[in-house]
Amino acid sequence: MICIAMIWILSLMPIFPEMPLTDVEFADKWVHIVMYGCTFIVVWIEYTRKHKQADFEKLFFWAWVAPIIMSGVLELLQEYCTGGRRSGDWLDLAANATGVTLAAVVGLIIWSLRPKR
C-alpha cells in the first residue's frame, strides 16, 4: 500500500524534480516501467506468501487490470486537475501498463516456483 500511495503522491506532485538522466532517450518512460513493475511485483510476492492456492480471476483484476485503470485515472488527473502544472501522457499510460504486465509475468513465474506447502 505504501508503494501505491507513493505512486499517487509522485504522480500528482505539482512540480517534479529534474532527473539526472534527462539525456537518456525515454528516461521518463523507463522510470514509469520500473515504478509500476516493482510495485506490482511486490503485490505478487505478498500474494504468493499469503495464499496456498491462487485465485487467478482476482489476481487478473487486482494485479493487472486495476493498476492499469489506476494509471489511466492518474494521467487524466494530471491533465485536468493540476492546473496545467502536470500533463497527462498516453505514452506514460503505455509505460505503466508495460511495467504492470512485466510484473504479472514475473509474478506468475514466482508463483510457479514457490515451494509447495
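What you are looking at is a predicted structure, and each value in this text was computed from that prediction instead of being measured. (Residues numbered from 1 in each chain as written. Predicted model: local features only at pLDDT ≥ 70, side-chain atom pairs only at ≥ 80, totals over all residues. Heavy atoms only, no water.)

Further remarks concern the overall build of the protein chain. Helix and strand counts for the protein chain stand at 4 helices and 0 strands. Reading the helices (α) and strands (β) of the protein chain from amino to carboxyl end gives α-α-α-α. By its C-alpha atoms, the protein chain is 50 × 30 × 20 Å across when sized along the principal axes. In the protein chain, which comprises 117 residues, the proportion classed as buried is 31%. Partitioning the intrachain contacts of the protein chain with sequence separation of at least 6 by distance along the chain shows that 76% fall at a separation of at least 24. Surface exposure of the protein chain reaches about 7,900 Å², of which carbon and sulfur atoms provide 71%. Looking at charge distribution, the protein chain has the averaged site of its 10 positive side-chain charges lying 18 Å from that of its 11 negative ones. (Helix = DSSP H or I, 4+ residues; strand = E, 2+ residues; numbered from the N terminus. Buried < 20%, exposed > 50% of the residue type's maximum accessible area, 1.4 Å probe, protein only. Contact = heavy atoms within 4.5 Å. Areas by Shrake-Rupley, 256 points an atom, 1.4 Å probe, with all protein chains shown as cover. Lys, Arg positive; Asp, Glu negative; His and termini not counted. Charge placed at Lys NZ, Arg CZ, Asp CG, Glu CD.)

This part is about the side chain of Thr 39. Relative to the assigned elements, Thr 39 resides in helix α2 (residues 27-50). Leave out the neighbours within four places in its chain, and Thr 39 touches Cys 3, Ile 4 and Ile 7.

Examined against the element boundaries, His 32 turns out to sit in helix α2. Setting aside chain neighbours within four positions, we find His 32 in contact with Glu 75, Asp 92, Ala 95 and Asn 96.

All right, on to the packing of helix α1 (residues 2-12) against α2 then. Across the interface, α1 lies against α2 with an axial gap of 9 Å and an inter-helix angle of 160°. Classed by the angle they form, the pair α1 and α2 counts as roughly antiparallel. Of the two possible hands of crossing, α1 and α2 adopt the one that is left-handed. Two secondary-structure elements touch here, α1 through Cys 3, Ile 4, Ile 7 and Leu 10 and α2 through Met 35, Tyr 36, Thr 39 and Phe 40. When grouped by side-chain class, the residues that make up the contact of α1 with α2 number 7 nonpolar, 1 polar and no charged. (Axes fitted to C-alpha atoms, helices over the stretch in contact; angles between N-to-C directions. Parallel < 35°, antiparallel > 145°, perpendicular 65-115°, else oblique. Left-handed = near helix turned anticlockwise from the far one by under 90°. Nonpolar A, V, L, I, M, F, W, Y, C, P; charged D, E, K, R; others polar.)

End to end, helix α4 (residues 90-113) covers 35 Å across 24 residues, agreeing with the expected 34 Å (1.5 Å per residue, within 8%). Buried within α4 we find Asp 92, Leu 93, Ala 95, Asn 96, Gly 99, Val 100, Ala 103, Ala 104, Gly 107 and Trp 111. Residues of α4 that are buried sit in contact with α2 and α3 (56-80). Where α4 begins, the side chain of Asp 89 points an oxygen toward the backbone nitrogen of Leu 91, at a separation of 2.9 Å. (Expected span 1.5 Å × (residues − 1). Polar contact = N/O pair within 3.5 Å; in protein donor to acceptor, adjacent residues only side chain to side chain.)

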